[in-house]
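The residues making up each chain are set out below.
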Amino acid sequence: MTNSEATTEPLLLRGARLVLPARVAEGASLLVEGGRIARVLEGEEVAGAPAAPALDLAGATLYPGFVDVHIHGAVGVDTMEASADDLHAVARFLASRGVTAWLPTFVPAPDEDYARAARAIEELIRTQDARPAAARAVGVHYEGPFVNERQCGALRVPFFRAYDSAADVDALPRINTEGAAHMMTVAPEVAGGVELIGELRRRGWVVSVGHTRADIDTLERARAAGARHMTHFPNAMPPLHHRAPGPVAWGLLREDVTVDVIADGVHSDPVMVELVLRTKTPARVALISDAVAPAGLGDGEYRVWGETITVREGRTSNERGSIAGSVITILDAARLVSRLGFAETDLARMASLNPARLLGLDAVCGSVEEGKRADLVALDAEGRPRLTLVGGRVAHDAL
C-alpha cells in the first residue's frame, strides 16, 4: 500500500500487539471497516478472521493515534500565517510521526491575523476528507490573549488583552465547521479573567489555565467557573514555593483538574516530568508538543512570530533567551515517558485518550475499541512509526 490515497474498504491488521485501554493483547488482529474499528480479534478468533486484504504487523505494537491539542506548526509552517495547503503539509508530517488529530494553536495577535488563520483552518477542515490522508485538524486553540504578561514566555505581550464583556469573545474568530473544538488558555487573574472563563464555558469552549501567577483563591474561583485543565504544566508559572504554593501546588493537588505536559526534557527536566506524571497519575495528564514552525527541520535560525528563533540540539531560543516552543512531536514525548518507566497503556492514555477526552472527542477516537474511528499508529520495536491510519485511510506507510 502507499501512503497517499488509502482505502476505506475492509482491512485486516494482523499479528500486532494491540494496546487496548486496560491491557496489551499479544499477537492479536484488528478488522477495520468503513473507516472504523469493527472487531478486535484475539486467541482462536484470529484464525477465523474474516476474509479481507491484510497487513502483517508482526513485531509491531498498535496504539491509538496520537492527539496533539497544542501545536503552533512544523516543517516551516506557522499556523498564524498558513494557508489550508500549508496546514495540510503539517498534517502530513504529523501523520508520519503517529499523530492522527491535532488542534492548530494561535499566539496573541492582531484581529486580522486571527481572522486569516481561522479561515485557513476552516478550509482545511472542510476539505481534509478529500485530500490525501493526514492528521485531522479538529478545531483551534487560542493560547492567550488573556494571559499574564509577567508569565509571557515566548508570547508577544503587545497583543495581550483584558476581558471586559462578552463582546471580547465575539471578536475572536470561531471555526465555523460542525463539531469543531474551541480551546483557550487563560490566566484567571487578568482583568475579568474569571468572568471570561464563565463566558467561554457557556459557549462550549474548553478552558485551560496557563501563563498565570494566580493565587489559590483566584484558581478556586476559576475552577468554580469551569476551568479544569492547565496548559504546559508547570511551565509559564511561578516555581513551587513553600510559602506561596500558587498554580503548581494547586494543579498537583486538585483531582478534578487535568494538566498537559511538554515532555521534551527541555521545558522541564525529566525528573520533574516524572514527578508530575506520578503525582497526577496518567489518568490526568495529556502529552503535548507545543511545537513551532521549525519542528522537523533540524538546527538553524528561523523567523517565527516576528523574531529570530534559534534551534540547537533540540532546544529553541528566541532573541530574549527564552525557550520559544518545542521542536518535538507527541512521538518524541511518548519516547521520553517510556524511558521513565511508564507502561504502554499509560502512554496510550496520555498521548491519545486524555487529549481526545479533553476536547470531547473520546467517543470517536483516542483508544483502540470497537466502533471508534480507525485512527491508529503501529510502532516497531525501536518505536518508529511503520503505519498510520486516519479514519481507516493510510496516512503513513513504512512497512
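Residue numbering note: each chain is counted from 1, following its sequence as written. Under the rules for a predicted model, residues below a pLDDT of 70 receive no local features and side-chain atom pairs below 80 are neither given nor counted, while totals for whole chains, interfaces and linings still include all residues. The side-chain quantities take in all heavy atoms of the structure and omit both hydrogens and water.

Engineer: Can you walk me through the packing of aromatic side chains in this structure?
Structural biologist: One pair of aromatic rings is described through two measures. These are the centre distance and the angle between the planes. Within 6.5 Å between ring centres, the rings of Phe, Tyr and Trp (the latter by its six-membered ring) count as paired, and their orientation is classed by plane angle as stacked under 30 degrees, edge-to-face over 60, tilted in between. A full pass over the atoms with the stated rule returns six aromatic pairs. Taking 5.2 Å as the distance between ring centres and 85° as the angle between the ring planes, the aromatic pair formed by Phe106 and Tyr142 counts as edge-to-face. With Phe106 in strand 9 (residues 99-106) and Tyr142 in strand 11 (residues 139-143), this residue pair connects regions lying 36 residues apart in the sequence. Relative accessibility decides the category of a residue: with a 1.4 Å probe and only protein chains considered, values under 20% of the type maximum give buried, values over 50% give exposed, and everything between is partly exposed. Note on Phe106: relative accessible area 0%, which makes it buried. Each ring, one from Tyr114 and one from Tyr142, has its centre 4.9 Å from the other, and the planes form 70°; the classification is edge-to-face. Remark: Tyr142 occurs in strand 11 and Tyr114 occurs in helix 3 (residues 111-127); sequence separation between them is 28 residues. Assessed through its relative accessible area of 0%, Tyr114 is described here as buried. Given a relative accessible area of 0%, Tyr142 falls into the buried group. Three or more aromatic residues joined by ring pairs form one cluster here, namely Phe106, Tyr114, Tyr142 and Trp205. Put simply, DSSP marks the helices as runs of H or I at least four residues long and the strands as runs of E at least two long, and each gets a number from the N terminus on.

Engineer: When you look at the packing of helix 2 (residues 84-96) against helix 3 in this model, what are you seeing that I'm missing?
Structural biologist: One way to put it is that helix 2 packs onto helix 3 with a least axis distance of 8 Å and a crossing angle of 65°. Crossing geometry of helix 2 relative to helix 3 is assigned as right-handed. Only Ala120, Ile121, Glu123 and Leu124 of helix 3 make contact with helix 2, whose side of the interface consists of Ala84, Leu87 and His88. Here an axis means a line fitted to C-alpha atoms, over the contact stretch when the element is a helix, while the angle between two N-to-C directions is reported on a 0 to 180 degree scale. What makes a crossing left-handed is the near helix being turned counterclockwise from the far one by less than a right angle; a clockwise turn instead makes it right-handed. For this analysis, residues touch if any pair of their heavy atoms sits within 4.5 Å.

Engineer: I'm lost on the sheet that holds strand 18 (residues 307-312) in this one. Help?
Structural biologist: Hydrogen bonds between backbone groups are what pair the strands of a sheet, and the pairing can be parallel or antiparallel. On the basis of which strands lie adjacent, the open sheet formed by three strands has the order 17-18-19 and antiparallel pairing. Two strands bound the open sheet, and with one partner strand each, they are strand 17 (300-304) and strand 19 (315-317). Adjacent strand axes in the sheet meet at a mean angle of 30° when their direction is disregarded. At least two DSSP bridges between two strands are required for those strands to pair. With three bridges joining them, strand 18 and strand 19 adopt antiparallel strand pairing. The residue of strand 19 that forms the bridge with Val311 is Thr316.

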